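Commentary on secondary and tertiary structure
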Amino acid sequence: MLELLLQTGLNALYAAAYLSLVAVGLVLIFGVMGIINFAHGELFMLGAYVVVALYSGLQMPFVLVAAIGLVFVGCVGILMELSMFRQLRGNPLGGLVASIGFLMVLQALVAMGFGVRMEHVPPFTQDVIILSERVRLPVQRLIVIIVAVMLLVALWLFLKRTKFGWALRASAQDKEAAALQGISLRTTSLIAMFIGGALAGIAGSLTAPLISVTPTMGHSVIVAAFIVIIVGGIGSLEGAVLAAFIYAFVHTGVTTFLDGVIADIVGLALMLAVLVIRPTGFFGSADRA
Amino acid sequence: MPRWLVAVGVLATAALLLALPHVLSFSQREVLVFMTINILVVCSYRLLTLTGEWSLGHVVMMGVGAYASALLAKKVGVFVPLAMLLGAFTAAMVALVLSVPLFRMKGFYFLIGSFAAGEIIRLLWKRFRDPFGGPKGIKRIDPMPDFDLGIWNFTFFDPVSYYYFALLVVLAGLFVMWRVEKSPIGLVFHAVHWQDNLARSAGISVRAYRTLALVLSSGFAGLAGALLAHYIGTVNPNMFDIEQMVYVLTWAIVGGTATFYGPIIGCVVLTVVNEIVLREIGLEQGRPMIYGMLLIGTVLFLPKGLEDLFHRLSRIGLLFSRQPRGGQ
């Protein structure tokens, strides 16, 4: 029983790692631009398909492919900002609808290019750390966890220590005051979209060998990410990371001990309950919501 | 407009709607039935948006009507038309229950909350095999019983017959929604959307009217779902997933939601584009692509939807037809 709990904990840790990468980007975009990016799950999916094309297809080294996934999807984020969100400033419903349109286009493009069947991505390492008879941690999962922690720390340092980070947080707090200080919302939006896209992209790239890769895989990711940002308090980065852990543990636990559909229901019910009881989430401040 | 012109217009429209299936191929007739049902869905969706709330659970409400009607007809043996009405009623009641938690939220929170509530219902259908049939859903749902009207023998496996029946039901639904919108209730819906604090200070229970809009729109969505279920004879959870919801959203937004006819235009135009154009050139897989681009294009370049285009076109038409007014 203890071993089962330990194994579930490790699985949850891995799920929390890539989920928090996705959710943090979503929160950042919402904070700076006021737009809920429904296409964020599809950015994750794009990251996975970069791996399908370059790693399983062209046999390029995995580290390089993951880096390309990060930059490429970040650039797709910039494309979204330039082509849609910039024109829809101050129209959150418009931005949301446009992002739904964008996700349909991305899904269709990938389905046309790769087909709708599940892609097989070979593992980049077969190594498994054997902690005991029944507690195993595949190195692939460990790498996802390590990279996620590194990127989140880097993001934290960027936001707290650099000038751009200050600018980003300033425009998230008060757009007008930030603009009066000479902070360009155009620039901060571009940075936010690049970071948001890049984090989703690398999460997709790293997990591609571990999950089933299909053009519609973004759906379950975006639902999980929404649950995470609502529970964590929309607009709160720390809340998102913490909520990702809570959600991953609950979801993995229920999946292990009951079944997957029940786990999905529990997750959604958790989100509904938070929305009803405390719409600002557990870590969001009241004025931000 | 003189009264005789209105009468001629109504008669011409009626004749057109009655004659329409006879100029179409069999598969196009089937599409026509779906489109007729979808018009009810998208118009009922607009009824909710009048109060300013955008739901992502509307298609699931349609599914509630479909499942309820199918189960009542199949397991209890209720007469099919009655089961359809009860299906619509069930959807309205489920919406009433859901309104309690959901209307503690507004705007984006309502949007995401309605999605969560709908998705939970859909997952329950998927999970519980006993009444709902699990992922495969319910099959062999009783069809509408055939009957002979003297002038037309209704056999409901035939799309033409079902089209006439659905048309009648949908027109009745549209008429009710039209009357509601033009009544004082409809004015309050607008007030709740644009001036909710003013409405509240005038003694209007904003929440009660929001609930009324949600219950009414869900009821009509449920009716549409029941119509669909007894036509195709099967329902399953995937028929009512978020993808379908996005299609309804696309019809409403591309058509425009400011007027009653906007969503109808959106639904008709996009169905024609999809079924005639895409199917003819064999690009059916491209449907999400086209819908997505239309959605983005509409939001960016035609924020009021196609109805605005029609509006402008008719204004241009008027310029040529109408005598210039004096003093201009």
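Residues numbered from 1 in each chain as written. Chains lettered and ligands numbered in written order. Predicted model: local features only at pLDDT ≥ 70, side-chain atom pairs only at ≥ 80, totals over all residues. Heavy atoms only, no water.

Considering the overall build of chain A
The secondary structure content of chain A amounts to eleven helices and two strands. When its helices and strands are written in sequence order, chain A yields α-α-α-α-β-β-α-α-α-α-α-α-α. On C-alpha atoms alone, chain A measures out to a radius of gyration of 19 Å, which is about the 19 Å that the 2.2 N^0.38 rule sets for 289 residues. Classification of the 289 residues of chain A by burial places 55% in the buried group. Sequence-distant contacts, at least 24 apart, represent 76% of the contacts inside chain A between residues at least 6 apart. (Helix = DSSP H or I, 4+ residues; strand = E, 2+ residues; numbered from the N terminus. Rg over C-alpha atoms; globule rule 2.2 N^0.38 Å. Buried < 20%, exposed > 50% of the residue type's maximum accessible area, 1.4 Å probe, protein only. Contact = heavy atoms within 4.5 Å.)

Side note on the domain arrangement of chain B
Residue and element names in this part refer to chain B. Along its sequence, chain B is carved into domain 1 (25–240) and domain 2 (242–328). In this structure, domain 1 and domain 2 have C-alpha centres spaced 23 Å apart. On the side of domain 2, 20 residues touch domain 1, which itself brings 25 residues to the contact. Carbon and sulfur atoms make up 81% of the area that domain 1 and domain 2 hide from each other, which totals about 2000 Å². Considering only the side of domain 1, the residues that lose the most area to domain 2 are Met 35, Val 42 and Arg 46, jointly responsible for 27% of the buried surface there. Summed over the shared surface of domain 1 and domain 2, the number is zero salt bridges. Applying the counting rule to domain 1 against domain 2 returns three residue pairs in polar contact (both at pLDDT 80 or more). At the level of elements, α2 (26–49), α3 (58–76) and α7 (159–182) are the ones that each hand at least two residues to the side of domain 1 that touches domain 2. Grouping the amino acids of the side of domain 1 that touches domain 2 by side-chain chemistry returns 16 nonpolar, seven polar and two charged. (Domains from an automatic or database assignment. Buried area = accessible area lost by both parts, 1.4 Å probe. Salt bridge = Lys/Arg side-chain N within 4 Å of Asp/Glu carboxyl O. Polar contact = N/O pair within 3.5 Å; in protein donor to acceptor, adjacent residues only side chain to side chain. Nonpolar A, V, L, I, M, F, W, Y, C, P; charged D, E, K, R; others polar.)

Concerning the interface of chain A and chain B
Often, the extent of an interface is quoted as the loss of accessible area on bringing the components together. Each partner contributes residues to the interface: chain A has 37 residues there, and chain B has 34 residues. Applying the counting criterion to the chain A and chain B interface returns one salt bridge. Joining chain A to chain B, the criterion identifies two residue pairs in polar contact (both at pLDDT 80 or more). The set of elements that each furnish at least two residues to the side of chain A that touches chain B consists of α4 (92–114), α9 (218–232) and α11 (260–277) of chain A.

So, the packing of aromatic side chains
Aromatic ring pairs: the centre-centre distance and the angle between the two ring planes describe each pair. Residues and elements named next belong to chain A. Applying the stated criterion to the full structure yields 20 aromatic pairs over all chains. Aromatic pair Phe 62 and Phe 124: ring centres 4.1 Å apart, planes at 20°, arrangement stacked. One end of the pair, Phe 62, is in helix α3 (residues 62–83); the other, Phe 124, is in the loop between α4 and β1 (128–130), with 62 residues separating them in the sequence. Judged by its relative accessible area of 9%, Phe 62 is buried. (Phe/Tyr/Trp six-rings, centres within 6.5 Å; stacked < 30°, edge-to-face > 60°.)

Remarks on the confidence of the model for chain B
All names here are of chain B. Looking at chain B as a whole, the pLDDT averages 85, with 95% of positions reaching at least 70. Across chain B, the secondary-structure element scoring lowest on mean pLDDT is helix α14 (residues 306–321), at 69, and the one scoring highest is α3, at 93. Note that pLDDT drops below 50 for residues 323–328; the model gives that stretch zero contacts with residues more than four away or on any other chain. (pLDDT = per-residue confidence, 0-100.)

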